[in-house]
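Here is how the chains run, residue by residue.
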Amino acid sequence: MSSSEPLLEVRSLSARWDHRPVLQDISFEVRADEVVVLLGPNGSGKTTLLRCLAGLEPLHGGEVRLEGRDLATVPTHRRGLALMFQEPALFPHRTVFENIAYAPLLQRRPRPEIDEVVGRFAGLLGLAGFEDRDPSTLSGGERQKVALARTLAARPRLVLLDEPFASIDVEARAELRAEFRRALRESRTGAIHVTHDREEGFFLGDRVGLLFEGRLDAWGSPGEIAQRPRTTRAAKFLGYNVLPGPDGPVAVWPTELRVRPEGGSAGTFTVVAAGTVGAEALVVLRSPEGERVEWRIPEPFARPAAGTQVSFGWPTSRPVGAGPGRP
Amino acid sequence: MTPPRGAVGLSLPVLAFVVLFALLPVAVLFATSLADSGGLAGAGALLADPLNRAAVGNSLEQGALSAALAVALGYPAGLFVGRFDFPGRGLLRSVLLVPFLLPSLIVVLGVEDLFSSGGLFASTSAGAGVLGSGVPAIVLVNLVFNLPLVVLLTATGCEVASRDLEESVATLGGSPARAYLDGWGRPTWVGAAAGGLLTFLFSALSFAPPLLLCGARCYTVEARIWSLDTVLLQPAAAGVLALAMLLLFLLPTLGYLWLARGLRADPGRRRRPTRRVSVHRPVDLALAAETLAVLGGVAAVLAAVLFRTLAPSGSEGAGAAWASLFSPATTARLGLSVPAAVGNTLVFAVAAAGIAVLLTVPAAFATLGRRSRTSLGLVLFLPLLVSPVVLAFALATFWRPILGGEGSVWVLVIVSQAMLALPFALQALATPLSGLPAASREAAQTLGASRFSAFLDADLPRARDGLVTAALLAFALGLGEFTATFFLVTPRFTTLPVALYGLANARQTPVADAAAGLLLLIALAVFVALSAGGRRVEL
């Protein structure tokens, strides 16, 4: 299969829980070797979507095709879509080696090949020397690495990653992200990664989708999605301020706000709180309509007092529509 | 989790209770029995006695047979109850507890009535008569009591299984059978093994079934100890046999405690959702059929017992039997009236439940810490190892001379009932507590509450059902307690189960059936209270 042909095709997928729609009309494609990230807030249907793809939840409508084959009647264990959870779900009664070797053993691969596969993925994820360890002796990050090694060793057609870094501390998370990205690239394994973390999504994804309330709101390259939010919902989720412009609402990045002592077209904002975040000052304000607005100033200790009235202008802005976008 | 500070202090009352009313009397009993029987050599000779060896053999045989059958029949039903969603599942889960709460004598008498010659089932099938007496009858009684425990513990295993692990196996290419073997099956094996060990212990240490259904040739160690002490007046021999029994059953008891720990859900772990039974899956249908057959069989026996006890079939009809229960003749036979026996039963059960709950709350707090849970839990579960007969024997030997004559009887009955209920009450409260996230408790601490106050304010209200369950469970166990009470009471303090035994032993069958019916009604009322609001009891 050429890399331009879709490996996975999702067409008009919908799912329900107790007659309540949780996913509606989801369509997208994933090419081999690419990492697709689905970004969305909690409750947007990200996990349900992965579970539907893996065959763990029934579809209410639509279809899922892998390499052109409809997966409707294919049971989970024969789909070749390996799902990795937020918690690593390692076998507590098996060593690290046995955990990684699990799928190759199921596939009855020869022993030398199993040893080679385990050694390769353990090395790829920095687990060399851990093979005889019991999973309970590992840190959270190490367990996630074992879980990924176990997943990659299964030679899945596609890896489904359900917020695998959510329970990892911030410092380890950054390193783990980099290692996951490298491991996926080097093993030439495609992946669908769901997360609510924007930074993580844009760092890992070759393509990014935004999922809100069970609907796919936007789809494109990380640059397209980050730079050109098409809806108010997407703009807010991505961290933009949505402000009134002359021709309707516009998305303005917090660093793009400029003080206009003479008064701005959006009215006067009231400072609620201000603090230092890294090399910037973060100021939280309220618009006259009560909307929260963030303003980032490249002066870490420039903190306007609470209650201060500020008017803004902005050199660049992006018009956003109120309705959902379509990939 | 580190042991809560103050846990040692708060566990002192319960430790003192267990030491003073179980460990110390039992240790003294063993020491004096060994000394009186001529040391280890004398003890060895006593144990070599053919009747004592036969009792050990009977215990092992009845225990092993009951456990094997309970696991074989109960495991598939446990999988069905734990994994599938079907109408009435919640009710079924609650009803499974009924046999455990039933006074043992009711089932013993019921089985005897139903399967012995002339019984309801024996008249419909020639083969059924085999179940009316001897080892088959004893095993049948043990199954009625314990099979639902195996079902419940297996179902609990299903429910604590990691859903993530099972789904990981599936997405890694493992078949459903592989997902069972490597994922969700393991906790169910732990549950079934725990149920099997509990069945083995309860059956090997049973008292009323061999006494009433078979006689001396089927005596378990428990019945033999009673016989040696109260019939043959050989307390030293009884003490030596009790020590041997304790050593013999130490391993399975520890095994059960170790396995039961594995059935506690991790806080935050995703609970396994049940799935609907599919008529297209042969495995689903097979499990449903097995469950229906097994639990239906148990229910049929219980229903027949209920019918027989509420409508005793004496020659003069049910009304006469019930009237006779409250007649002066019965009062004269028992040494007290039946209402007085009911009063004694309720007073003892309420007092025992009160003590058990008062001791359980600080003990549950103390067992929140992992290390203290292991060590303290072991001490608190010792009453499970010390059988009712041994406990009563030791209490009577040690405390009667100190407390005085008949006035001490009620104290010792209440203490013995509280002691025997303590492990189950503690389990009923400790299990939901161990499943609670620590965040609320820790938040209360950061707001200035002491560790125990935080436990009372943040944890206990969330485990309120567990607390109510612990109290009702202790009450129900006290209500039906026969073995230790039988050993300790005098006619003035006779309880309804002991009166029931007296009537049955005197072949006053219709009147005994009416007494059993009365006891059954009280036990069922407790069950209704226990299951109200969908409470779950962990064993």
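For the structure, see preceding data.
Before going into details, it helps to say that this report is about the structure given with it. (Residues numbered from 1 in each chain as written. Chains lettered and ligands numbered in written order. Predicted model: local features only at pLDDT ≥ 70, side-chain atom pairs only at ≥ 80, totals over all residues. Heavy atoms only, no water.)

**Quick notes on the pairing of strand E16 (residues 292-297) of chain A**
Residue and element names in this part refer to chain A.
Then step 1. For strand E15 (residues 280-286) and E16, the ladder comprises six bridges, and the chain directions are antiparallel. In the sheet register, Arg286 faces E16, and the bridge partner there is Arg292.
Then step 2. Once E15 ends, the chain turns through five residues before running back antiparallel as E16, passing Gly290 with a positive phi of about 90°. (Pairing = 2+ DSSP bridges. Helix = DSSP H or I, 4+ residues; strand = E, 2+ residues; numbered from the N terminus.)

**A word on the side chain of B:Ser387**
Residues and elements named next belong to chain B.
Then step 1. On the secondary structure map, Ser387 appears in the loop between helix H19 (382-385) and helix H20 (388-403).
Then step 2. You can call Ser387 buried: its relative accessible area is 1%.
Then step 3. For Ser387, the side chain forms a polar contact with the side chain of Glu222, separated by 2.5 Å.
Then step 4. Apart from residues lying up to four places away in sequence, Ser387 is in contact with Leu205, Glu222 and Met245. (Buried < 20%, exposed > 50% of the residue type's maximum accessible area, 1.4 Å probe, protein only. Polar contact = N/O pair within 3.5 Å; in protein donor to acceptor, adjacent residues only side chain to side chain. Contact = heavy atoms within 4.5 Å.)

**Here's the deal with the pattern of salt bridges**
Then step 1. In this structure the tally under the stated criterion is 30 salt bridges over all chains.
Then step 2. The partner of A:Arg65 in a salt bridge is A:Glu63, with the nearest N and O atoms 3.2 Å apart.
Then step 3. Take A:Arg65: its relative accessible area is 25%, and that puts it in the partly exposed class.
Then step 4. Across the pair A:Lys145 and A:Glu179 runs a salt bridge whose closest N-O atoms are separated by 3.4 Å. Residue A:Lys145 is found in helix H5 (residues 140-153), and its partner A:Glu179 is found in helix H6 (residues 170-186); the two are separated by 34 residues along the sequence.
Then step 5. On the basis of relative accessible area, A:Glu179 is assigned to the buried category, the value being 11%.
Then step 6. One salt-bridge network, held together by shared partners, links A:Arg51, A:Glu57, B:Arg163 and B:Glu167. (Salt bridge = Lys/Arg side-chain N within 4 Å of Asp/Glu carboxyl O.)

**Looking at the interface of chain B and chain A**
A common way to state how big an interface is: give the accessible area lost once the parts meet.
Then step 1. In this assembly, 17 residues from chain B lie in contact with 23 residues from chain A.
Then step 2. Here chain B packs against chain A, burying approximately 1600 Å² in sum over the two surfaces, 62% of which is carbon and sulfur.
Then step 3. On the chain B side of the contact with chain A, B:Leu165, B:Thr171 and B:Leu172 bury the most area, a combined 39% of that side's loss.
Then step 4. In this assembly, chain B and chain A are joined by three salt bridges.
Then step 5. Among the ionic pairs, B:Arg163 bridges to A:Glu57, the shortest N-O distance being 4.0 Å.
Then step 6. Those elements giving two or more residues to the side of chain B that touches chain A turn out to be helix H9 (163-171) and helix H10 (176-204) of chain B.
Then step 7. Residues of the side of chain B that touches chain A, tallied by class, amount to five nonpolar, five polar and seven charged. (Buried area = accessible area lost by both parts, 1.4 Å probe. Nonpolar A, V, L, I, M, F, W, Y, C, P; charged D, E, K, R; others polar.)

**Considering unusual backbone geometry**
Across the chain, the bulk of peptide bonds are trans and the bulk of non-glycine residues have phi less than zero.
Residue and element names in this part refer to chain A.
Then step 1. The phi torsion at Ser12 lies on the positive side, around 50°, for a residue other than glycine.
Then step 2. Mapped onto the elements, Ser12 comes out in strand E1 (residues 6-17).
Then step 3. You can call Ser12 partly exposed: its relative accessible area is 38%.

**Looking at the layout of surface pockets**
Residues and elements named next belong to chain B.
Then step 1. In this structure, the second largest pocket encloses a volume near 1800 Å³.
Then step 2. With five residues, H10 is the largest single contributor of residues to the lining of the second largest pocket.
Then step 3. When grouped by side-chain class, the residues that make up the lining of the second largest pocket number 22 nonpolar, ten polar and 18 charged. (1 Å grid on protein atoms, 1.4 Å probe; cavity = no way out; pocket = protein on both sides within 12 Å on 5 of 7 lines; lining within 4 Å. Points joined across faces, edges and corners; volume = space filled by probe spheres on them.)

**Some points on the packing of helix H17 (residues 338-366) of chain B against helix H23 (residues 451-459) of chain B**
In helix packing, the relevant descriptors are the interaxial angle and the interaxial distance, both defined with respect to the helix axes.
Residues and elements named next belong to chain B.
Then step 1. Contact geometry of H17 with H23 gives a least axis separation of 11 Å together with a crossing angle of 110°. As judged from the angle between their axes, H17 and H23 are roughly perpendicular. The way H17 lies across H23 gives a crossing that is right-handed. In this structure, H17 contributes Val361, Pro362, Ala364 and Phe365 to the contact, and H23 contributes Arg451, Phe452, Phe455 and Leu456.
Then step 2. By residue class, the composition of the contact of H17 with H23 is seven nonpolar, no polar and one charged. (Axes fitted to C-alpha atoms, helices over the stretch in contact; angles between N-to-C directions. Parallel < 35°, antiparallel > 145°, perpendicular 65-115°, else oblique. Left-handed = near helix turned anticlockwise from the far one by under 90°.)

**Side note on the environment of B:Leu69**
Residue and element names in this part refer to chain B.
Then step 1. With respect to the element layout, Leu69 can be found in helix H3 (residues 50-83).
Then step 2. Residue classification places Leu69 among the partly exposed residues on the basis of a relative accessible area of 35%.
Then step 3. C-alpha separation for the pair Leu69 and Leu251, spaced 182 residues apart in sequence, amounts to 21 Å.

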